[in-house]
Amino acid sequence: MSKDYFGFSLMRSNARNGTAGVALNNAADISVIVIYFVVVMAVGVWAMVRTNRATVGGFFLAGRSMVWWPIGASLFASNIGSGHFVGIAGTAAASGIAIGGFEWNALIVVVILGWIFVPIYIKAGVVTMPEYLKKRFGGQRIRIYLSVLSLFLYVFTKISADMFSGAIFINQALGLNIYLAVVMLLSITALYTVTGGLAAVIYTDTLQTVIMVVGSFILMGFAFNEVGGYEQFQLRYMEAVPSVTVNISASCYEPRADSFHIFRNAITGDLPWPGLVFGLTIQATWYWCTDQVIVQRCLSAKNLSHVKAGCILCGYLKLLPMFLMVFPGMISRILYTDEVACVDPIECLRYCDAEVGCTNIAYPKLVVELMPNGLRGLMLSVMMASLMSSLTSIFNSASTLFTMDIYTKIRSSATEKELMIAGRVFIVFLIGVSIAWIPVVQEAQSGQLFDYIQSITSYLTPPVAAVFMLAIFCKRVNESGAFYGLTIGLVIGLSRMIAEFTFGTGSCVEPNEHLYRLCWTLRNCTEERIDIEKDDWIDNQESNNMKIDEPKENPGCCKKVVMSFCGLEPTNAPKLSAEEQAELQRKLTDTTEKPLWRNVVNANAIILLCVAVFFHGFYG
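Residues numbered from 1 in each chain as written. Predicted model: local features only at pLDDT ≥ 70, side-chain atom pairs only at ≥ 80, totals over all residues. Heavy atoms only, no water.

Novice: What is the right way to read the overall build of the protein chain from this model?
Specialist: From N to C terminus, the protein chain includes 25 helices and two strands. The burial tally for the protein chain puts 50% of its 620 residues in the buried class. With the model as given, the accessible surface of the protein chain reaches about 30200 Å², and the carbon-plus-sulfur share is 63%. (Helix = DSSP H or I, 4+ residues; strand = E, 2+ residues; numbered from the N terminus. Buried < 20%, exposed > 50% of the residue type's maximum accessible area, 1.4 Å probe, protein only. Areas by Shrake-Rupley, 256 points an atom, 1.4 Å probe, with all protein chains shown as cover.)

Novice: Sorry, what's going on with a nonpolar patch on the surface here?
Specialist: Side chains of Val 111, Trp 115, Ile 116, Ile 312, Tyr 316, Leu 319, Met 469 and Phe 473 sit close together on the surface and give an oily, nonpolar patch of about 720 Å² of accessible area. Sorting the residues of the nonpolar patch by element identifies α5 (101-124), α12 (304-317) and α20 (462-473) as the ones contributing at least two each. Within the element layout of this structure, Ile 116 appears in helix α5. Accessibility expressed as a relative area gives 33% for Ile 116, which makes it partly exposed. (Patch = residues over 30% accessible without salt bridge, like charges linked within 9 Å, V, L, I, M, F, W, Y side chains within 5 Å. Salt bridge = Lys/Arg side-chain N within 4 Å of Asp/Glu carboxyl O.)

Novice: I keep staring at the packing of helix α6 (residues 129-137) against α20 and nothing clicks. Help me out?
Specialist: Axis angle and axis distance: for two packed helices, these are the angle between their axes and the distance between the axes, and together they describe the pair. Where α6 contacts α20, the two axes come as close as 11 Å, and the packing angle between them is 45 degrees. With respect to their mutual orientation, α6 and α20 come out oblique. Every pair of crossing elements has a handedness; the one defined by α6 and α20 is left-handed. The residues of α20 that touch α6, namely those facing Met 129, Tyr 132, Leu 133, Arg 136 and Phe 137, are Val 467, Phe 468, Leu 470, Ala 471 and Ile 472. Among the residues making up the contact of α6 with α20, the classes are represented as nine nonpolar, no polar and one charged. (Axes fitted to C-alpha atoms, helices over the stretch in contact; angles between N-to-C directions. Parallel < 35°, antiparallel > 145°, perpendicular 65-115°, else oblique. Left-handed = near helix turned anticlockwise from the far one by under 90°. Contact = heavy atoms within 4.5 Å. Nonpolar A, V, L, I, M, F, W, Y, C, P; charged D, E, K, R; others polar.)

Novice: What's the story with empty space enclosed by the protein in this structure? I'm lost.
Specialist: The gaps of empty space that remain are located by a probe, the size of a water molecule, rolled over the atoms. This structure, assessed with the given rule, holds five cavities of 30 Å³ or more. In this structure, the largest cavity encloses a volume near 400 Å³. Secondary structure elements with two or more residues in the lining of the largest cavity: α3 (68-79), α4 (82-95), α5, α7 (141-174), α10 (273-290), α17 (375-410) and α19 (449-460). In terms of residue count, α10 provides more of the lining of the largest cavity than any other element does, six residues in total. (1 Å grid on protein atoms, 1.4 Å probe; cavity = no way out; pocket = protein on both sides within 12 Å on 5 of 7 lines; lining within 4 Å. Points joined across faces, edges and corners; volume = space filled by probe spheres on them.)

Novice: Help me out: how do you make sense of α5 in this one?
Specialist: Counting along an α-helix, one turn takes 3.6 residues, and residues three or four places apart therefore face a common direction. Over its 24 residues, α5 runs 33 Å from end to end, which matches the ideal 34 Å to within 8%, given 1.5 Å per residue. Taken as a whole, α5 carries its principal kink of about 40 degrees at Phe 117; the proline Pro 119 stands between one and four residues after it. In the segment just after α5, Gly 125 is the residue with positive phi, at about 70 degrees. (Expected span 1.5 Å × (residues − 1). Bend = angle between axes of the 7 residues up to and from the residue.)

Novice: Would you mind showing me how to read the pattern of salt bridges here?
Specialist: Any two side chains of opposite charge can pair, on the condition that their charged atoms come close. Applying the stated criterion across every chain yields a total of 12 salt bridges. Arg 143 is the salt-bridge partner of Asp 405, the closest N and O atoms lying 2.5 Å from each other. Of the two residues, Asp 405 is situated in helix α17 and Arg 143 in helix α7; the sequence distance between them amounts to 262 residues. For the pair Asp 405 and Arg 143, a shared accessibility class is recorded, and that class is buried. One salt bridge connects Asp 258 with Arg 256, and the closest N-O pair in it is separated by 2.8 Å.

Novice: What's the story with the packing of aromatic side chains in this structure? I'm lost.
Specialist: Between two aromatic rings, the relevant description is the distance of the centres plus the angle of the planes. In the structure shown here, the tally under the stated rule is 25 aromatic pairs. Aromatic pair Phe 224 and Phe 327: ring centres 6.1 Å apart, planes at 90 degrees, arrangement edge-to-face. Here Phe 327 lies in helix α13 (residues 321-335) and Phe 224 lies in helix α8 (residues 178-227), a separation of 103 residues in the sequence. The exposure class assigned to Phe 224 is buried, which follows from its relative accessible area of 16%. Looking at Phe 327, the relative accessible area reads 8%, which means it is buried. With a centroid separation of 5.5 Å and 80 degrees between ring planes, the pair formed by Phe 233 and Phe 260 is classed as edge-to-face. Pair noted here: Phe 233 is in helix α9 (residues 230-237) and Phe 260 is in the loop between α9 and α10, with a separation of 27 residues, a long-range link. Every member of this aromatic cluster is reached through a ring pair, and the members are Trp 104, Phe 224, Tyr 230, Phe 233, Tyr 237, Phe 260, Phe 323 and Phe 327. If you follow Arg 141 out to its NZ or CZ, it ends over the ring of Phe 483, 4.1 Å from the centre. The aromatic ring of Tyr 336 is capped on one face by Lys 365, whose charged end is 5.8 Å from the ring centroid. (Phe/Tyr/Trp six-rings, centres within 6.5 Å; stacked < 30°, edge-to-face > 60°. Lys NZ or Arg CZ within 6 Å of the ring centre and 35° of its normal.)

Novice: Explanation requested: the environment of Ile 211 in the structure shown.
Specialist: Within the secondary structure, Ile 211 sits in helix α8. Under the relative-accessibility criterion, Ile 211 is labelled buried at 16%. Between the C-alpha atom of Ile 211 and that of Met 383, which follows or precedes it by 172 residues, the distance is 9.4 Å. Beyond its immediate stretch of four places on either side in the chain, Ile 211 contacts Tyr 36, Ser 381, Val 382 and Ala 385.

Novice: Quick question: what am I supposed to make of the nonpolar core here?
Specialist: Most often, soluble globular proteins keep nonpolar side chains buried together rather than apart. Tyr 121, Leu 133, Phe 233, Trp 288, Val 326, Met 330 and Phe 468 are the most contacted members of the largest nonpolar core, which has 148 residues in total. Here this core gets 17 residues from one element, more than from any other, and that element is α7. Those residues within four positions of Met 330 in sequence are excluded, and the remaining contacts are Ala 92, Ala 93, Gly 96, Ile 97, Phe 233, Tyr 237, Ser 259 and Phe 260. (Core = buried A, V, L, I, M, F, W, Y, C linked by side-chain atoms within 4.5 Å.)

Novice: Would you mind going over the packing of α5 against α12 with me for this structure?
Specialist: Their axes nearest at 9 Å, the elements α5 and α12 cross at an angle of 160 degrees. For the element pair α5 / α12, the angle class is roughly antiparallel. Crossing hand, α5 versus α12: right-handed. Residues Leu 107, Val 110, Leu 113, Gly 114, Trp 115, Val 118, Pro 119 and Ile 122 of α5 lie in contact with α12, whose contacting residues are Leu 304, Val 307, Lys 308, Cys 311, Ile 312, Cys 314 and Gly 315. The residue inventory of the contact of α5 with α12, partitioned by class, reads 12 nonpolar, two polar and one charged.

Novice: In this structure, what is going on with α12? I would like to understand it.
Specialist: The end-to-end C-alpha distance of α12 is 20 Å, a good match for the 20 Å that 14 residues give at a rise of 1.5 Å each. If you check which residues of α12 are buried, you get His 306, Val 307, Gly 310, Cys 311, Cys 314, Gly 315 and Leu 317. N-capping of α12 is provided by Asn 303, with a side-chain oxygen placed 3.1 Å from the backbone N of Ser 305. (Polar contact = N/O pair within 3.5 Å; in protein donor to acceptor, adjacent residues only side chain to side chain.)

Novice: In this structure, what is going on with the state of the cysteines? I would like to understand it.
Specialist: Two cysteines whose sulfur atoms are joined by a covalent bond form what is called a disulfide. Taken as a whole and judged by the stated rule, the model has one disulfide. Looking at Cys 311, it has no disulfide partner, and the nearest cysteine sulfur is the one in Cys 298, 4.3 Å off. Exposure remark for Cys 311: the relative accessible area of 1% places this residue in the buried category. (Disulfide = S-S within 2.5 Å.)

Novice: What is the right way to read the side chain of His 84 from this model?
Specialist: Tracing the backbone shows His 84 in helix α4. In terms of polar contacts, His 84 uses its side chain to reach the backbone carbonyl oxygen of Asn 79, at 3.3 Å.

Novice: Please clarify how the confidence of the model for the protein chain should be interpreted in this entry.
Specialist: When pLDDT drops low, the exact placement of atoms in the prediction is not to be read closely. Confidence along the protein chain averages 79 in pLDDT terms, with 77% of residues attaining 70 or more. Low pLDDT, under 50, characterises residues 1-20; the predicted model gives this stretch 37 contacts beyond four residues in sequence or across chains. (pLDDT = per-residue confidence, 0-100.)

Shown next as structure tokens:
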């Protein structure tokens, strides 16, 4: 019998036979995991003893004594959380290699970080990014705004997504309920984050990076061996179609024709190339060049050369996710098609407790089913390494933001000891809020975790990236312009984000049928639209026709003249069939154009715009 934990079963029931499934139940796996945790804790304790944690500079910036190789490893480990292993592999299983472009975009942006942004931050003598904006623009409102926004993003994208993805892996490997798994993970992770400071985080991140790279390379080798090499991998992925599809559209379950292309069609692509090149770069600039988690590691370096070398090392490591996460995720679809690529909500619910899809289990499924004893335990250690490295970094940086930018405003006379205590207590608060958000993460974005993370950050972070760029490169930007730019950008982003979470984006199985032909991208949909509300008035032709046979009163001459003048003379229109009504409606909503005249008016529109620009310039 399985016990209940706050209404949830402690053990996950196997979908097929109703028994609890535990993959890690042998001495080899358990021994590897125990050794992993012992080594991690030993490194954490060594880092605690080695550095001064009693001061703000020691706790939050590791005394500015770090060298390039732990900085580069920590940058990579802080970025690559379990959300990457689960989220990137899941999206790759669903749609192919384009998601790897998110990782390779960072190769360029980390250079911008080390050569342009960090020198300014160091010369400014700041500890946090909001503190830099305060020094640059003055006032407090921008600093408070950025601190609160950063903490919001940490909770609702990074912490909750990483905890959820790590819990998915434990759920697959140990059969534990997701919420119980989350509590176990946090208990271990928070231990050395709360006590050790940034130095402990960076050194343990370095160890985690080695474990992640080695373990995931081993899994990649097993995966490619199972499918028969790269050529077979390409062929078999395009044939990976689930057996249960019921009456669902083929586009929902067949692999995309452009699955092996990073740059996809600007209009029909699921990740259009302009968005990947331009839109993603804006988002990446915010993350790599202005986010506290990343920049804080660079600020801990002993000099600028170590910062740059650390960024270069991180860039080379960012080449790996395409091979270590994207390809294995796609191979998981090949090997476990019915489970990973399920589209029928009933089937998906059986496999992963989510109706919107099961691609998030692609990587954990590969580990649990493919790896032999001992190596399976190593891969669980890899997932724990990615989770813990990411969470510890976020916890430390969030604690820094709260302590230095918010708590010091509440308690301006606080001692260093009080600040250290406040930062540690705030971590506990973050954990509670993040756990409460996990159900939203579980159902968001058609079950693709990485899409959920990117959607929130893309709505809220571009204004921040713009303000930092202007702050560094444009001397004339003042505090009012920066603040109202942030505020207006926030309103625009929130309006889009709230609408998405309120009404949903619709899954492939249950698309958002309320928006057909009401939005630009859905303007050519031919499916029947279901209106959110019924029309206030419906032309009741049947009731009008029923009155045809009724005796009619002959109006007088004056009334006939008035009615005719106003266009209200009685007519006995024939009753239209359903096909005729549909054809009439089609004509009323038809927007097709003859190619010749379409080209004529398009050319004239361009000419008109050119004329407008010319006259503005000439008389300007």
